[in-house]
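Here's the letter readout for the chains.
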Amino acid sequence: MAEQTVTKFEPFIPASQEIPEFSIKAIIFGAFFGIVFGAVTVYLGLRAGLTVSASIPIAVLSISILRAFGRGTILENNIVQTTGSAGESVAAGVIFTLPALIFLGFPLEYTRIFILAMIGGWLGVLFMIPLRRQLIVKEHGNLTYPEGTACADVLVAGEKGGSFAGRVFAGLGIGGVYAFLMHAMGFWRSTAEYRPGWFYGATVRAEVTPEYLGVGYIIGPRVAGTLFAGGVFSWLLMMPAIKFFGGMVDEPLYPSTIPISQMGPSELWASYIRPIGAGAVAASGLITLLRTVPTIVGAFKAGVKDFSSERGETVKTKSRTDDDLPMNLVIIGAIVLILLVWGLLTFMPVPGAETGFFSNVLSALIVVSFGFLFVTVSSRIVGLIGNSANPISGMTIATLMATCALFLIAGWTGGAYSALAITIGGVVCVAAANAGATSQDLKTGFLVGATPRKQQIGFMIGVMASVVVIGLTLIMMNQGLAEYKSMSMPLDVENLSEGVQVESREYEHDGKMYYLINAIGSKTVADGKYLYNPETRTVEIQWIQGIGSEQAPAPQARLMATVINGILNQQLPWGLVLLGVFLVIVVELLGVRSLAFAVGSYLSIGTTLAMFVGGVVRWMAEGKKQSGGHGEESEVSSGSLYASGLIAGGAIFGLAAVGIALLEDRGVLPEDAFLLGPSMFPELSVSTLLSVIMFVILAISLFVIAKKPVEMKSK
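On a predicted model such as this, the values are computed, not experimentally measured, just so you know.

1. Focus on empty space enclosed by the protein
Tallied over the entire structure, the rule returns 5 cavities of 30 Å³ or more. Approximately 110 Å³ is the volume attributed to the largest cavity. Lining the largest cavity are 13 residues, with Phe37, Val40, Val52, Ser53 and Ile647 positioned closest to its centre. At the level of secondary structure, the elements contributing two or more residues to the lining of the largest cavity comprise helix H2 (24–48) and helix H22 (638–665). The biggest single contributor to the lining of the largest cavity is H2, with 4 residues.

See the structure below:
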């Protein structure tokens, strides 16, 4: 029956027709979009804990841009979106895992991120090659691949003369100008805040940024509302309760090192809400994993059958639309990647986390084994439920739990093996994320009549282009959003408590030499890094790194660190973590899927409130048509295209503002070189009311454009 379906299907460009496809301009623009959306995804994912599919915005932009270069073909546009979307998927896998190195007390290194992201990205592409014919072609009627199908609709509409790129460009322009005036020039505050005097300990915040508004619109009112509900629970229930009951205690309560009465909202979030949220995210991730176990097992069994049948099948004559990269390339590539993982762990270990030959070999084998398992699972699951619902975090948790269990059996505990575990988890997460995106793009190619071999090469080029910028963006955000807070805390460095260690005795800051102190899981010193003055014998500065701060909380990476610390190191504030666990159980008993609620309870309410506004705008614009999900029609609506532009524009110019701050800090630019707002309008620039007004105007623009129909003309 499946064979009959295949023979009847005719792609938009028949296999017998040869038109330009893998052209220089398509590869250049695809690589460019891979770099841009890789950086955008890092910025957005670290701040909001969410990522948004890039295929449709890239396809829309490509149609318009290639027209300016003499009208590109539909297959060239497909290569552009195929190559470019690799940046988003690889970046998502990276930010969900590798920032956990910071939370485990290790540095982020550009070369390590580059190599691990490249290995994971290529694994996702290579292992998908032998599965393509079975999943994409033979199961065409069973596996819908919703995002891939919607993207094919966009490409076909563009080929027929559809005009909708203006929405994306408008969002890019308006979102970019808005973000630059706010972040870099300081004409209004990026955070609107209200602390009601009649509700002690409560805080309402909104990060009035275009990217959060756009994300909220795309995810819809149901998910945005659930995220916001988690924020309301943490900031308007738990934080007032902590202040009410703990404010009368004069001594610090673990894990904080200062009394609750002296703590502001940010300190309460960092010390108490964050561990509760991490426990909630971990529990909801495990529940999601358990819920999808039957699907995962079924997908893996079917995938093994697909793989076996593909190897046993001989194809005498291959048409253009059935031409894949050869199987021997998959085998050789996998062997090379195993050697790369082993070589990286052996010759370039994480500083302070050196491991032995046997553990490195075992780690390389685990990477490839779990990589193949979850590439197979991921590529089938996204065909059923879409990329947005792909349980990547659950698969990564399963990898980490299995890896940590093996390490425990072998007696490998301690910091070095924590770094090794997150390295394994990071590569597997990138591979699974990229396999899901690869499957969607191959479905798009199947529908429009692309050449699979050329798409697969495009994926690899996209991976290589995006990994160049992903590590740079991570490090830039960690440094650019970092804060150095003055403090005075006596410390005996010769008799440090458990969990506190001297990382370096020569660390320069502002022309002065300090000891760099690192605290993880200590009961006397809060987690983080500190600058200790050996002359005064006190810690004088707390170094709050950008990743993990309220501005870039990185919830998934925090979850991975929590899993590793809980299993290998037993270094967790278990009372708070268990509060989060049982919170999720209550939410599940109420019949609500808990993952979005748990992430919302971890994030700042400023993030979730802004996204909730975007969800409300979509509800108002679409009314009863809104399903709250990720349907194909909503993917190509005027509102979703404009929202995608807001996300890209806001993130690009938000990153630019971070880069400007770094250049000012290092003396390359004069201090406050672009900061004109406070000097021109000193009162307005700090006004919460102005921030709210500007955000409302931006939301109105989204509503107005969302009400306009997409123009799809036919020849």
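2. Some remarks on the pattern of salt bridges
Under the defined criterion, the tally for this structure stands at 14 salt bridges. With its nearest N and O atoms 2.8 Å apart, the salt bridge here joins Glu193 to Arg195. Given a relative accessible area of 24%, Glu193 falls into the partly exposed group. On the basis of relative accessibility, which here comes to 48%, the residue Arg195 falls in the partly exposed class.

3. Some thoughts on the packing of aromatic side chains
We describe a pair of aromatic rings using the distance from one ring centre to the other and the angle between the two ring planes. Counted according to the given criterion, the structure contains 24 aromatic pairs. Between Trp342 and Phe357, the ring centres sit 5.9 Å apart and the planes meet at 80°, which makes this aromatic pair edge-to-face. Residue Trp342 is found in helix H12 (residues 327–347), and its partner Phe357 is found in helix H13 (residues 357–385); the two are separated by 15 residues along the sequence. Note on Trp342: relative accessible area 23%, which makes it partly exposed. In this structure an aromatic cluster arises from ring pairing among Phe358, Phe407, Trp412 and Tyr417. Taking NZ or CZ as reference, Arg558 lies 3.8 Å from the ring centre of Phe103, over its face. Looking at Arg618, its charged tip hangs above the ring of Tyr217, at a distance of 5.7 Å from the centre.

Analysis parameters
Residues numbered from 1 in each chain as written. Predicted model: local features only at pLDDT ≥ 70, side-chain atom pairs only at ≥ 80, totals over all residues. Heavy atoms only, no water. 1 Å grid on protein atoms, 1.4 Å probe; cavity = no way out; pocket = protein on both sides within 12 Å on 5 of 7 lines; lining within 4 Å. Points joined across faces, edges and corners; volume = space filled by probe spheres on them. Helix = DSSP H or I, 4+ residues; strand = E, 2+ residues; numbered from the N terminus. Salt bridge = Lys/Arg side-chain N within 4 Å of Asp/Glu carboxyl O. Buried < 20%, exposed > 50% of the residue type's maximum accessible area, 1.4 Å probe, protein only. Phe/Tyr/Trp six-rings, centres within 6.5 Å; stacked < 30°, edge-to-face > 60°. Lys NZ or Arg CZ within 6 Å of the ring centre and 35° of its normal.

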